Amino acid sequence: MRVLLFTGKGGVGKTTAAAATATLAAERGLKTLIVSTDTAHSLADALAVPASGEPVQAAPGLYLQQVDTQKALERHWGELRAYARNVLQELGLDEVTSEEITVLPGAEEIIALLELREQTRDGRWDVVVVDCAPTAETLRLLALPEALDWHVNRLLPGLRRVLRAVSPVVRHIAKVSAPEGAVISAGERLHRGLMEVRELLTGDNASVRLVLTPEAVVVAEARRTLTSLSLYGYRVDGVVANRVFPADDADDWRRGWVEAQARQLAEIHHSFAPLPIHTVPYLPAEPVGPRALAQVAAALYGTADPFAPPGAEPPMRVEADELVLALPLADKEAVDLARKGEDLIVTAGSYRRVIALPAALARRGIAGAVLRDGHLRVRFETGGAK
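The following refers to the structure shown. Bear in mind that the values here come from a model prediction, so they are computed numbers and not experimental data. Along every chain, residues carry numbers that run from 1 in the direction the sequence is written. Where local features are concerned, this predicted model is filtered to residues with pLDDT of at least 70; where side-chain atom pairs are given and counted, the filter is 80 or more; whole-chain, interface and lining totals use all residues. Excluding hydrogens and water, the side-chain figures rest on all heavy atoms present in the structure.

## Details of the pairing of strand 5 (residues 127–131)
- Only protein chains enter the calculation, and the probe is 1.4 Å; a residue is then buried if its accessible area is under 20% of its type maximum, exposed if over 50%, and partly exposed in between. Under the scheme used here, helices are H or I runs from DSSP no shorter than 4 residues and strands are E runs no shorter than 2 residues, and both carry numbers assigned from the N terminus. In terms of residue burial, strand 5 counts as a mostly covered element, since five of its five residues are buried.
- Going residue by residue along strand 5, you find V127, V129 and D131 tucked away on one face and V128 and V130 tucked away on the opposite face as well.
- Pairing between two strands requires that DSSP report at least two bridges joining them. Pairing analysis gives five bridges linking strand 1 (residues 2–8) to strand 5, with the strands arranged parallel. If you follow F6 over to strand 5, its bridge partner there is D131.
- One ladder, built from five bridges, connects strand 2 (residues 32–36) with strand 5; its direction is parallel. Bridged to L33 within strand 5 is V128.

Following this line, the structure appears as structure tokens:
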């Protein structure tokens with residue numbers, strides 16, 4: 001199963017690129033699912049079909065799902081929501097307010113990822129396309145499973161014992177119920193589900209495609225996004241340059257845009273090499289529906305195979321006494337490295353990743369580190385404890 005994620009700055013056309021790619025997959029005989037993790041759902045509009053919380057056929061071989069957060073939360077993690085709702089009512093909030101508050105900001109994107117895991121469990125699909133939220137939200141979402149795993153592995157082992165001891169005290173003093181075993185188990189399932197999602201999206205058959213328009217501000221954000229995605233372990237296998245003005249028969253106004261975009265396209269090719277750059281011309285009309293999207297896909301990929309496995313190495317690997325982390329386009333001054341116990345803390349710009357070191361390196365000291373050719377290389381001492 002091939003998994004493709006599309007993200008980019010808001011308004012650059014990532015939904016159109018995702019929907020066009022999914023349409024092409026279905027036309028090539030691949031059973032395809034397209035899912036949105038963007039709370040501002042527009043996939044159904046792009047494909048000109050009614051929205052549905054369950055996969056609905058949009059074209060032969062092509063199915064669309066826009067996740068119903070409320071139903072998904074009740075179906076899989078009802079215990080967590082019921083506990084939160086009950087506590088809020090014990091604190092004096094009415095039932096309607098408690099119901100609304102239990103769907104927290106960001107919950108929709110998380111539930112969409114967990115529903116994606118449900119859809120990919122039985123091998124029903126050949127291709128799964130994910131229309132992600134704009135880049136900042138996507139980066140926070142994709143960083144969540146590993147960050148949650150770090151906390152859970154350190155806090156959960158003793159949590160059940162502590163809760164058994166303090167539950168009566170909490171109920172007596174705070175006048176609210178402490179979480180019981182079923183609630184903790186639901187939290188554990190949530191944690192396992194998110195880790196399975198991360199394994200799926202960082203696996204050998206998954207990759208991200210960055211969608212941008214040839215404008216200076218958009219290109220600058222895409223450069224930072226490439227660095228951040230690699231920091232968190234996600235492969236990027238291509239860039240989609242959307243809404244490129246054709247140079248033929250340009251009037252004075254359009255000629256100015258053509259020249260400005262040409263400079264940015266040169267910067268895109270220079271910055272993102274050796275990634276393939278797929279170019280989509282500025283279309284005379286908005287592409288809505290499978291037929292129009294198929295035409296976009298033809299212009300987007302030409303003779304390339306957009307469903308081939310990604311050829312790039314995983315962003316992080318261990319080589320003998322060295323940990324190598326790809327950080328393409330990273331500014332050396334914005335990269336920081338720290339060690340805390342058996343964890344390596346890497347910061348690139350405004351994003352940070354805590355890496356649990358493999359056993360072979362966890363008890364060895366750091367001998368040195370260098371950022372060169374878009375890779376952070378951390379060397380470990382050849383023997384002895386840290």
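Structure shown, so let's carry the discussion forward.
## Observations concerning the sheet that holds strand 12 (residues 343–348)
- Strand order in the open sheet formed by three strands is 11-12-13, with antiparallel pairing between adjacent strands. Looking at strand neighbours, the two that pair on one side only are strand 11 (335–340) and strand 13 (351–356), the edges of this open sheet. Between one strand axis and the next, the sheet turns through 15° on average, direction left out of account.
- Bridge count for strand 11 against strand 12 is six bridges, and the pairing is antiparallel. By the bridge assignment for strand 12, A338 is matched with I345. Structural elements are reduced to axes, namely lines fitted to C-alpha atoms, with helices fitted over the stretch in contact, and the angle between N-to-C directions of any two is expressed from 0 to 180 degrees.

## Comments concerning the sheet that holds strand 1
- A sheet is described by the order of its strands in space; here eight strands give the open sequence 3-4-2-5-1-6-7-8, paired in mixed fashion. Edge strands, defined here as strands with exactly one partner in the open sheet, are strand 3 (56–59) and strand 8 (277–281). When strand polarity is set aside, the average angle formed by the axes of neighbouring strands in this sheet is 25°.
- Pairing analysis gives four bridges linking strand 7 (residues 236–244) to strand 8, with the strands arranged parallel. Residue V239 lies in a different strand from strand 8, and its bridge partner there is I277.
- We call two residues in contact when some of their heavy atoms are within 4.5 Å. Running at roughly 160° to strand 1, helix 1 (residues 14–27) makes contact with strand 1, strand 2, strand 4 (62–66), strand 5, strand 6 (206–212) and strand 7 of the sheet.

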